[in-house]
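# Chain and residue survey
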Amino acid sequence: MRVAFLGLGAIGTPMAARLASRYDLTVWNRTAERARAFAAEHRAKAAATPGEAVTGAEVVITCLPTSADVERLLAGPDGIVSGLGKGVLFLDCTSGDAATSRSIAARLAPHGVAFADAPVSGGTNGAAAGVLTVMVGGDAEVFQRAVPVLEAFGKRIVHMGPLGAGDAMKAVNNALLGVNILALAEGLTGLVKAGVNPRLALDTLNASSGRSFVSESLIPERVLTGAWPVTFRLALLDKDVGICLDLLRELGIPAPLLERAGELLHQNRVALGEDADYLAPIRRQEQATGVEIRG
Ligand code: NDP
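Numbers given for residues are sequential positions, taken from 1 along each chain in its written order. Only residues with pLDDT of 70 or above have their local features reported here, since the model is predicted, and side-chain atom pairs are shown and tallied only from 80 upward, although totals for entire chains, interfaces and linings are computed over all residues. With hydrogens and water stripped out, all remaining heavy atoms of the structure feed into the side-chain values.

Elements are defined by DSSP. Helices are runs of H or I of four residues or more, strands are runs of E of two residues or more, and each kind is numbered from the N terminus. Tracing the chain through its elements places Val3 in strand β1 (residues 2–6). Relative accessibility under 20% of the residue-type maximum defines a buried residue, over 50% an exposed one, and the middle range a partly exposed one, all with a 1.4 Å probe and only protein chains included. For Val3, a relative accessible area of 1% corresponds to the buried category. Any pair of residues with heavy atoms lying within 4.5 Å of one another is described as a contacting pair. Apart from residues lying up to four places away in sequence, Val3 is in contact with Tyr23, Asp24, Leu25, Thr26, Ala57, Val59 and Ile61.

Those residues of helix α8 (residues 140–150) that sit buried are Val142, Phe143, Ala146, Val147, Val149 and Leu150. Angular distribution of buried residues about the axis of α8 spans 165°; they occupy a single face of the element. Across from the buried face of α8, at angles greater than 90 degrees, the exposed residues are Glu141 and Gln144. The inward-facing, buried residues of α8 abut α1 (12–20), β4 (59–62), β5 (89–92), β6 (114–117), β8 (132–137) and β9 (154–161). Arc definition: directions from the helix axis to the C-beta atoms.

This paragraph deals with the pairing of β6. Along β6, one buried face is formed by Ala114 and Ala116 and the opposite face, lined by Phe115 and Asp117, is buried too. Think of it this way: DSSP has to see at least two bridges between two strands before they count as a pair. Note: β5 against β6, four bridges, orientation parallel. Opposite Phe90, over in β6, you have Phe115 as the bridge partner. Here the term right-handed applies to a crossover when the path leading from its first strand over the helix to its second strand runs clockwise, the strands being oriented away from the viewer. Handedness of the β-α-β unit built from β5, helix α6 (residues 98–108) and β6 comes out right-handed.

With that settled, the discussion passes to the packing of aromatic side chains. Here a pair means two rings of Phe, Tyr or Trp (six-membered ring of Trp) with centres within 6.5 Å. Their orientation is stacked below 30 degrees between planes, edge-to-face above 60, and tilted elsewhere. Across all of its chains, the model carries two aromatic pairs by this definition. Ring geometry for Phe90 and Phe115: centres 5.5 Å apart, planes at 55°, overall tilted. In this pair, Phe90 is assigned in strand β5 and Phe115 in strand β6, connecting sequence segments 25 residues apart. As far as the burial class goes, Phe90 and Phe115 line up, both buried. Consider the rings of Phe232 and Tyr278, whose centres lie 5.0 Å apart with planes at 70°: the pair is edge-to-face. In this pair, Phe232 sits in the loop between α11 (213–223) and α12 (234–251) while Tyr278 sits in the loop between α13 (256–272) and α14 (280–289), placing the two residues 46 residues apart along the sequence.

With that settled, consider the packing of α12 against α13. Note on geometry: axes are C-alpha line fits, over the in-contact stretch for helices, and angles between N-to-C directions span 0 to 180 degrees. α13 packs onto α12 with a crossing angle of 150° between their chain directions and a minimal axis gap of 9 Å. Between α12 and α13, the crossing angle belongs to the class labelled roughly antiparallel. With respect to the hand of their crossing, α12 and α13 are arranged in left-handed fashion. In this structure, α12 contributes Leu234, Ala235, Leu237, Asp238, Lys239, Val241, Cys244, Leu245, Leu248 and Arg249 to the contact, and α13 contributes Leu258, Glu259, Gly262, Leu265, His266, Asn268, Arg269 and Leu272. We call Asp, Glu, Lys and Arg charged. Ala, Val, Leu, Ile, Met, Phe, Trp, Tyr, Cys and Pro are nonpolar, and the rest, Gly among them, are polar. Of the residues in the contact of α12 with α13, the class split is 10 nonpolar, three polar and five charged. Oblique is the label for any angle not covered by the other classes, which are roughly parallel (under 35 degrees), roughly antiparallel (over 145) and roughly perpendicular (65 to 115). By definition, turning the near helix anticlockwise from the far helix through less than a right angle yields a left-handed crossing, and turning it clockwise yields a right-handed one.

With that out of the way, let us pick up α13. Expected span of a helix: the number of residues minus one, times 1.5 Å. For α13, which comprises 17 residues, the first-to-last C-alpha distance of 24 Å matches the rise-based estimate of 24 Å (1.5 Å per residue) to within 8%. Every buried residue of α13 is listed here: Leu258, Ala261, Gly262, Leu265, Asn268 and Arg269. All buried residues of α13 project into a common sector of 125° when viewed along the axis, lining one side. Residues of α13 that are exposed and point over 90 degrees away from its buried face: Pro256 and Val270. On the buried face of α13, the contacting elements are α9 (165–193), α12 and α14. One or two steps after α13, the chain reaches Gly273, where phi turns positive at roughly 95°.

Here the focus is the site of the ligand. Distances are taken per atom, and a residue is near a molecule or strand as soon as one of its heavy atoms is within 4 Å of it. Around the ligand there are 26 residues in total, and Ala10, Asn29, Thr31, Arg34 and Thr231 lie nearest to it. Within the side chain of Asn29, one N or O atom sits 2.6 Å away from an oxygen atom of the ligand. Here an oxygen atom of the ligand and a side-chain polar atom of Arg34 are 2.4 Å apart. Considered on its own, the ligand offers 900 Å² of accessible surface; in the complex 89% of this is hidden by protein. Think of a polar contact as two N or O atoms within 3.5 Å of one another; within protein, one of them needs to be a possible hydrogen donor and the other a possible acceptor, and neighboring residues in sequence only count if both atoms come from side chains. Under the convention used here, a 1.4 Å probe and the Shrake-Rupley method define accessible areas, while residue burial counts only the protein chains that appear.

This part is about the pairing of β9. Two strands pair when backbone bridges link them, and β8 and β9 are joined in this way by six bridges, in the parallel orientation. Residue pairing in the sheet places Thr133 in a bridge with Arg156 of β9. In this region the chain leaves β8, passes through α8 and returns to the parallel neighbour β9; the handedness of that crossover is right-handed.

Now for the confidence of the model for the chain. Detailed reading of predicted coordinates is not advised where the pLDDT is low. As a per-residue quantity, pLDDT reports the predictor's confidence and falls between 0 and 100. On average, the chain scores 98 in pLDDT, and the residues at 70 or more come to 100%. Here helix α5 (residues 80–83) stands out as the least confident element of the chain, with mean pLDDT 97; β8 is the most confident, with 99.

Here the second largest pocket defines a volume of roughly 260 Å³. Listing elements by their share of the lining of the second largest pocket, those giving two or more residues are α6, α9 and α12. If you tally residues by element for the lining of the second largest pocket, the top one is α12, at four residues. When the residues that make up the lining of the second largest pocket are grouped by side-chain class, the tally is seven nonpolar, one polar and five charged. Site definitions follow a grid-based scheme: protein atoms alone, a 1 Å grid, a 1.4 Å probe that fits but cannot get out for cavities, and for pockets an open set with protein on both sides within 12 Å along at least five of seven lines, plus lining residues having an atom within 4 Å of a point. Grid points are joined across faces, edges and corners, and a volume is the space filled by probe spheres set on the points.

Written as structure tokens, this is what we have:
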């Protein structure tokens, strides 16, 4: 089967690498050199334009920063729509927003192209290992067609509901991730300043009711070790929390805690820059308090 993958970023690259080992894959990336390097390393072809990438493909997968970035790639002489055939399955793995996903689906439908939003969770390591969670929004029939392809990089592939439901799920998930990062930065720097050994504090937390993915995995692997890898940009997490807050406002759901977390994450993004990792606010808190969470 012929698959086109557009967007070889931090998570798109390992997802595409898994597709390359199963399918006849063509990749496209805005910075063309990345697509060429990918094609040289994997069993894949590099296309010069989005339209060329999708020509002849049965499945198209996109993974860009925002839904708006995907929508902008649709039109124009070299755009995606110029190369799409009838009956194509278009899966957007961007952590996107429901309104734009619905707009993309409406623009593709007259061309006989089925669309689903299919954002992922599990990080770059999860993508490389093929164990991502994929949150799909779209028709049940489109979901059934999508599952075998998504299994190339996904372990838990969930039909969340109609178009946009995957986007909504992902946005709320990441807002909760943001809360946990900020809350642990505050709580752990406090414990260390109070004289508690950081590893002991985390071990105890992880055997107690305050634990989370951040305390069980991210902090032990990246903060205690001082490794601080850059795998997911804080700017993208800020974008996700923004999508979640827009959704809650639209629904009339009061969310003072998430609003405050969104403000704090955005302030961190402004202070730390567009390339900072999503755990960098923890380091910023360390610097502000004069303590280090290491051990
Ligand atoms: P990166 O910032 O690492 O990469 C972004 C990719 O999109 C690059 O290939 C970049 O091209 C391309 N791009 C950026 N802007 C445009 C544009 N306007 N038009 C065309 N291409 C563009 O992002 P990630 O790979 O980390 O994230 C991609 C999506 O996946 C995001 O929605 C993110 O929220 C989500 N995600 C990321 C996770 C992670 O761990 N990194 C985990 C789960 C979801 P170029 O090479 O030219 O810069």
